[in-house]
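# Descriptive structure summary
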Amino acid sequence: MPPKRKSYSVDYKLQIVKYAAENGNRAAERKFGVSEKLVRDWRKTEVTLTQMKKTKKANRGLKARWPELEERVHRWVLEQRAAGRGLSTVQLRLHAMVVAKEMNINDFAGGPSWCYRFMQRNRLSIRARTTLCQKLPADFQTTGALSSIERPLVAVDGNVFSCFLVLNKCDL
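Below is a short write-up of the structure. (Residues numbered from 1 in each chain as written. Predicted model: local features only at pLDDT ≥ 70, side-chain atom pairs only at ≥ 80, totals over all residues. Heavy atoms only, no water.)

## Describing the packing of aromatic side chains
For the coordinates displayed, the defined rule picks out seven aromatic pairs. A centroid spacing of 5.0 Å and a plane angle of 85° characterise the contact between phenylalanine 108 and tryptophan 114, whose relative ring orientation is edge-to-face. By relative accessible area, which is 7% here, tryptophan 114 ends up buried. Each member of the aromatic cluster is reached from another via a ring pair, and the members are Tyr8, Tyr12, Tyr19, Phe32 and Trp42. (Phe/Tyr/Trp six-rings, centres within 6.5 Å; stacked < 30°, edge-to-face > 60°. Buried < 20%, exposed > 50% of the residue type's maximum accessible area, 1.4 Å probe, protein only.)

Here it is in structure tokens:
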């Protein structure tokens, strides 16, 4: 079974890089318990690591291959959400393909894996369309002042109900 993945702060990576520069990559591997490949990669990116905040978990995840394409698709998704339209991953992928053609990107496949990674990078999720509540009948009346802690209450024929209960007109 492969070892569990770990993430390291910039400060820790720079400490390892400094040790590796003095003693070698293999020695740093043995002392800190990280693979030599990681040490080599961190030594290559030492300049960017020194410019980052020391407590940041640096350089995790891959950058977008087509950042302009993803920016346009992300703006489109936000516009659709602002208009109250729900989106599926299929619609997202189809729009990305159209944008890629407009931008003359020939090697863009726009598959499910790209869509998943795009949504992860931009912190998007496919959400089910929901409504706040059903429209209340005309004979419903609210009582009392609402506070941020109390649940809104609804009075029907002298009975008080929490607004979060789902009622049917025929149940009354």
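## Let's talk about helix H6 (residues 89–102)
The terminal C-alpha atoms of H6, which comprises 14 residues, lie 20 Å apart, in line with the 20 Å expected from a rise of 1.5 Å per residue. Every buried residue of H6 is accounted for by Leu92, Ala96, Val99 and Ala100. Angular distribution of buried residues about the axis of H6 spans 100°; they occupy a single face of the element. Of the exposed residues in H6, the ones pointing more than 90 degrees away from its buried face are Leu94, Lys101 and Glu102. Here the buried face of H6 lies against helix H5 (67–82) and helix H7 (112–121). (Helix = DSSP H or I, 4+ residues; strand = E, 2+ residues; numbered from the N terminus. Expected span 1.5 Å × (residues − 1). Arc of directions from axis to C-beta. Contact = heavy atoms within 4.5 Å.)

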